[in-house]
Each structure stands twice: as C-alpha cells, then as structure tokens.
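# Descriptive analysis of the structure
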Amino acid sequence: MKISAAFAALLASSSQVAAFAPAKLSVRHSTSIRSVTAAQKEFFGITDAAPALSQDELKQMVGYKSVDDYVKSGMVVGLGTGSTAYFAVERLGQLLKDGTLTDIVAIPTSIRTKEQAEELGIPLVTLDTHSKLDVAIDGADEVDPDLNLVKGGGGALLREKMVEVCADKFIVIVDESKLCDGLGPGFPLPVEITPFCHEHTLRTIAALPSCEGCDAVLRMGSSSSNVNDGDEIAITDNGNYIVDLHFKEAIKDAPTMATELKNTVGVVDHGLFCGMTTAVIIAGSDGISVKE
C-alpha cells in the first residue's frame, strides 16, 4: 500500500503519542461525537492546508486509534477480522513490541487474524480459558443510527459474535461509507447455516416474516467475500455455509429479525449485532470522529 509523505512522517512519530490523529481534520460537533484532541492536533501540526489522506491511510489511523484509546496493559483483547481490523491488530503488535503495552493476551476471531497475530508475536488465548474480555475491536459492514451493525461480509460472523459479546467494551472501527439510515439495502446480511439440508434452511429463512422481500443467496467461492468468485459452496472457518440476504428496503426491526433468525433450526448465527456497540470510531474524508 502506498502512503503519502505526510502520513509516513506521522507513522515515524506514532510511538510517541497515545492516540493517532490524521494529517487533516475538521471537527464534527455533536453531543454523541468525540474528535481528536487539541493536543493531538498541535502535536501533528494539523491545519486546513494539510493534504487529505487516502481511504487506506484513514483506515490505518482509525485502527491505530482504537488500540491507543481503549487498550491498556494487562487486558484481554478481542481481535476482529477485516481490512480495518487488520490495522488494529498491527498496532497492538507494535505497542507490545516496543514495550508500551505489557501483559496482554488476545483472542482472534478468524484463522487469518490468528495468523497475523502470531506473526506479530501477540500472545493468544481462547474463550475456553478467558471467557471475559476487557475490550474487543472490529470493523462492520453497516452501522445504523442506533449503532446496530451488519457484520460477516468476511465470513467470520460467528466467531466475531462469540468473542465480542463477551467483551466489557466493543469498539467498532469503520470508514464513513459504512454509516447508513437503515440496515439492509447497502450490504447483504450474512446468515451462517449448517450444511445439512442447507437448501431447506435457505427457504425457511427467506419465508420468515421479518425477512419478507429478501433475496436469499447461497455464498459461493471464498467465504471471506460475498461476491460470487467460485463454483464451490463457500465454507466458513467452522465448516458451515453462509446465506446472504439481499434487501431492497431498510430492515424495519433489526432486533426482531435477529430473534427470528436465531430461533430458526439450521441457523448457526447471523450478522446482526444489535445492542452490543460501545463506540464507533469513524474514518471520514474530514478526519476521525467517535460516536458513542
């Protein structure tokens, strides 16, 4: 990934500060929004004349900020999966390596996150030994005004939910394109199902009252993408299949749909994460903000 010269300079200085700030930031004011501090602006010399950062650079900043702001020494940390969560894992590895953080153990939510964490030397445990987490950090595919989420575009929804529901704080990191007025139309809702009689389960899901009007599509190819990229049925890390529910209109009642899906025999879990979010750190064209 190519980065700007301005951002490279920030990376060189990043270990000296507790929170990562963009090179260009304008504050978005709201009672529920916190932006980077004046001290951070002064440290990085943020001005309106500074060049705008790319989406990848903003993703890196929001991933770094989540660790800088919410992870402390001695914590048990849940590690998410995806292109933005990747940077949170990277930052955690950096701070452990340089001694800024100590006595951290982490629980990964996918095989690929586990492999990344192992490469960075992050000590790993599982829910079998650590059922209570201090914080979990992960991305999302959609975020509504009530901070309900659609997750699972990368196929890790079951492990993500198992880990993140056990965390005292669940920090969501996204770019502003993931914000929506209502869940559903902007991103298909993944549902993980058992392989046994999967076509029956797919039809049963599509017939649920809360799912009326959806187009239920079995995921094919890679489980880490809801784009059909192969001829074989996609298989999750847990050996299951995924059905992606495509909606033309916003989901009217996400909690009710979540309950109906979970109560359907053959459904393992679904990508609706309702009432779980502590804070959302948002990377936008005008900088970084936090909604709580």
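Scope of this entry: the structure provided in the associated data block. As the structure is a computational prediction, the values presented were derived from the model and not from experiment.

In this section: the overall build of the protein chain. The secondary structure content of the protein chain amounts to 8 helices and 14 strands. Taking all 292 residues of the protein chain together, 52% fall into the buried category. Within the structure as shown, the protein chain displays about 13,000 Å² of accessible surface, and the carbon and sulfur contribution to it stands at 52%.

A separate point is the packing of helix α3 (residues 55–70) against helix α4 (residues 85–97). At their nearest, the axes of α3 and α4 sit 8 Å apart, and the two run at 55° to each other. One element, α3, and the other, α4, form an angle in the oblique class. Judged by the twist between their axes, the crossing of α3 over α4 is right-handed. Here α3 contributes Asp56, Lys59, Gln60, Gly63, Tyr64, Ser66, Val67 and Asp68 to the contact with α4, which in turn contributes Phe87, Ala88, Glu90, Arg91, Leu92, Gln94 and Leu95. Tallied by class, residues from the contact of α3 with α4 come to 6 nonpolar, 4 polar and 5 charged.

Bringing the pattern of salt bridges into the picture now. This model, assessed by the stated rule, comprises 9 salt bridges. Among the salt bridges present, the one from aspartate 69 reaches lysine 65, with a minimum N-O distance of 2.8 Å. Taken together, the residues span about one helical turn, with aspartate 69 and lysine 65 both in helix α3 at a distance of 4 residues. The shortest N-O distance in the salt bridge between aspartate 68 and arginine 91 comes to 2.9 Å. Placement of the pair is aspartate 68 in helix α3 and arginine 91 in helix α4, with a sequence separation of 23 residues. Salt bridges linked by common partners bring Asp138, Lys151 and Glu160 together as one network.

Moving on, we come to the nonpolar core. Core analysis: the largest hydrophobic core is formed by 29 residues, its most contacted members being Val71 and Leu92. Elements that contribute at least two residues to this core include exactly α3, β2 (76–79), α4, β4 (133–138), β7 (167–175), β13 (279–284) and β14 (287–291). With residues up to four places along the chain from it excluded, the contact list for valine 71 reads Ser66, Val77, Leu92, Leu101, Ile104, Val135 and Ile137. Val150, Phe187, Val243 and Ile251 belong to the second largest nonpolar core, which has 26 residues in total.

The rules behind these values
- Residues numbered from 1 in each chain as written.
- Predicted model: local features only at pLDDT ≥ 70, side-chain atom pairs only at ≥ 80, totals over all residues.
- Heavy atoms only, no water.
- Helix = DSSP H or I, 4+ residues; strand = E, 2+ residues; numbered from the N terminus.
- Buried < 20%, exposed > 50% of the residue type's maximum accessible area, 1.4 Å probe, protein only.
- Areas by Shrake-Rupley, 256 points an atom, 1.4 Å probe, with all protein chains shown as cover.
- Axes fitted to C-alpha atoms, helices over the stretch in contact; angles between N-to-C directions.
- Parallel < 35°, antiparallel > 145°, perpendicular 65-115°, else oblique.
- Left-handed = near helix turned anticlockwise from the far one by under 90°.
- Contact = heavy atoms within 4.5 Å.
- Nonpolar A, V, L, I, M, F, W, Y, C, P; charged D, E, K, R; others polar.
- Salt bridge = Lys/Arg side-chain N within 4 Å of Asp/Glu carboxyl O.
- Core = buried A, V, L, I, M, F, W, Y, C linked by side-chain atoms within 4.5 Å.

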